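Take a look at the letters that make up each chain.
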Amino acid sequence: MKKQVLSLMLLLLFPAFSLLAQTDQTVHVVKYLYTVQDPTGAVHTERMLLLIGKEMSAFKSYDKFVRDSTIFAKQNLAFDSRALKRGTDAQLYKIYYQNKGLFTRTLLHTYFWEEDWPFYDWNISPETTTLQGLTCQKATTYSPATNMEWTVWFTPDVPFSVGPGTLHGLPGLIVKAENNEKTITYELLNVASPAAPFQTIEFPQKAVKTTKSEYNKMLEAARKDPVGFATNSGALNGNVQGVNITPPNPVSKPPKKERKSGN
């Protein structure tokens, strides 16, 4: 009976920790050009990176990787880093067989939270075209999570049901995606075989667990009082400019067991 209970507990715990401990070999390295138009009409672009593994994927900023790598390589040299595009620090990790993903952001510390992965009900059209040398097929959907309609082109030539951001669920890689307002576009730049430093996908082990709402509180505190926030070591707890921060739980440090009294 005890063995059965233990087995059940392990089965229940496994999904919760599988993403945190997961490391996967990269199969394809995909670069996209992300274009977004803000409410003022200004257009912003960023190169994004999708690492596709056999069991999981990771989506992050390629521009940020280039900037961080360049600054590290030239840390002892005089150069103007302002010419390098900053890029977003947000990262998305997804294990294919789970309906949840992990989102990470950096604010002095790296934080993560878990969210349900959105479901997309796709309408696949017989219309085809060629993009970046790949035979692509058209599909459309509506996203209740973002209240957006999307038109995408996917290719069965790369047989992974993934795409930029949280877009997924088609019988092949999403090559191009555009919302109907044409304010957000993802366009594939290239698909390559894995090479250093993108040969593996690994979730950051030192990330601190929080919730999206708590992270937004920390972000608000950092904007209102950057010095006070930094002084409080990322406002892991306490009150900064009237914003109460609940301490998150570090992943790398399990809770200490209470010592039983000898009485």
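Scoring rules and cut-offs
- Residues numbered from 1 in each chain as written.
- Predicted model: local features only at pLDDT ≥ 70, side-chain atom pairs only at ≥ 80, totals over all residues.
- Heavy atoms only, no water.
- Phe/Tyr/Trp six-rings, centres within 6.5 Å; stacked < 30°, edge-to-face > 60°.
- Helix = DSSP H or I, 4+ residues; strand = E, 2+ residues; numbered from the N terminus.
- Buried < 20%, exposed > 50% of the residue type's maximum accessible area, 1.4 Å probe, protein only.
- Lys NZ or Arg CZ within 6 Å of the ring centre and 35° of its normal.
- Core = buried A, V, L, I, M, F, W, Y, C linked by side-chain atoms within 4.5 Å.
- Contact = heavy atoms within 4.5 Å.
- Salt bridge = Lys/Arg side-chain N within 4 Å of Asp/Glu carboxyl O.
- Expected span 1.5 Å × (residues − 1).
- Arc of directions from axis to C-beta.
- Lys, Arg positive; Asp, Glu negative; His and termini not counted.
- Polar contact = N/O pair within 3.5 Å; in protein donor to acceptor, adjacent residues only side chain to side chain.
- pLDDT = per-residue confidence, 0-100.

Trainee: Sorry if this is basic, but what is going on with the packing of aromatic side chains here?
Mentor: A ring pair, where both rings are aromatic, is described by two values, the distance of the centres and the angle of the planes. Under the criterion given, the structure shown has ten aromatic pairs. Measuring from centroid to centroid gives 6.2 Å for Phe-59 and Tyr-186, while their planes differ by 70°, and the two rings are edge-to-face. One end of the pair, Phe-59, is in strand β3 (residues 56-61); the other, Tyr-186, is in strand β11 (residues 184-192), with 127 residues separating them in the sequence. Taking the relative accessible area as the measure of exposure, Tyr-186 reaches 11% and is therefore buried. Following the ring pairs from residue to residue traces out a cluster consisting of Tyr-34, Phe-59 and Tyr-186. When the ring centre of Tyr-62 is taken as reference, the NZ or CZ atom of Lys-31 above it lies at 4.7 Å.

Trainee: Is there a simple way to explain the nonpolar core in this structure?
Mentor: Side chains of nonpolar character tend, in soluble globular proteins, to be buried together. Counting residues in hydrophobic clusters, the biggest one holds 41 residues, and the most contacted among them are Tyr-32, Leu-50, Leu-107, Trp-122, Trp-150, Val-152 and Leu-173. Leave out the neighbours within four places in its chain, and Leu-107 touches Tyr-215, Met-218, Leu-219, Ala-222 and Phe-229. Membership of the second largest hydrophobic core comes to 14 residues, among which are Leu-49, Ala-58, Phe-112 and Ile-201.

Trainee: Is there a simple way to think about the pattern of salt bridges in this case?
Mentor: A side chain with one charge can pair with a side chain of the opposite charge if their charged atoms come near. Scanning the entire structure with this criterion turns up eight salt bridges. For the salt bridge of Glu-115 with Lys-212, the shortest nitrogen-to-oxygen distance reads 3.8 Å. Note that Glu-115 is positioned in strand β6 (residues 109-116) and Lys-212 in helix α3 (residues 212-224), a separation of 97 residues in sequence. In this structure, Glu-127 and Lys-138 form a salt bridge, with 3.7 Å as the shortest nitrogen-oxygen distance.

Trainee: How should α3 be read in this particular structure?
Mentor: The α-helix advances 3.6 residues per turn, and as a result positions three or four apart in sequence lie on the same side. Over its 13 residues, α3 extends 18 Å from the first C-alpha to the last, a length consistent with the 18 Å expected when each residue adds 1.5 Å. When α3 is considered as a whole, its buried residues turn out to be Glu-214, Tyr-215, Met-218, Leu-219, Ala-221 and Ala-222. Taken down its axis, α3 places every buried residue within 160° of arc, on the same side.

Trainee: It is not clear to me how the side chain of Asp-24 should be interpreted in this structure. Could you clarify?
Mentor: Structurally, Asp-24 is set in strand β1 (residues 23-37). Summary of buried charges: Asp-24 has no salt-bridge partner, and the nearest side chain of opposite charge, Lys-54, is 7.0 Å away. At 2.6 Å, the side chain of Asp-24 forms a polar contact with the backbone nitrogen of Glu-55. A distance of 3.1 Å separates a polar atom in the side chain of Asp-24 from the backbone nitrogen of Met-56. Dropping the residues within four chain positions of it, Asp-24 is found in contact with Gly-53, Lys-54, Glu-55, Met-56, Gln-199, Thr-200 and Ile-201.

Trainee: How do you make sense of the confidence of the model for the protein chain when you look at a structure like this?
Mentor: Should pLDDT be low for a region, the predicted coordinates there are not to be read in detail. Averaged over every residue, the pLDDT of the protein chain is 80; the share at 70 or more is 75%. Low pLDDT, under 50, characterises residues 1-18; the predicted model gives this stretch five contacts beyond four residues in sequence or across chains. Throughout residues 234-263 the model reports pLDDT below 50, and contacts reaching past four residues in sequence, or to other chains, amount to 52 contacts.

Trainee: What should I look at first to understand the side chain of Asp-63 in this one?
Mentor: Along the chain, Asp-63 falls in helix α2 (residues 62-73). A distance of 2.7 Å separates the side chain of Asp-63 from the side chain of Arg-47, its partner in a polar contact.

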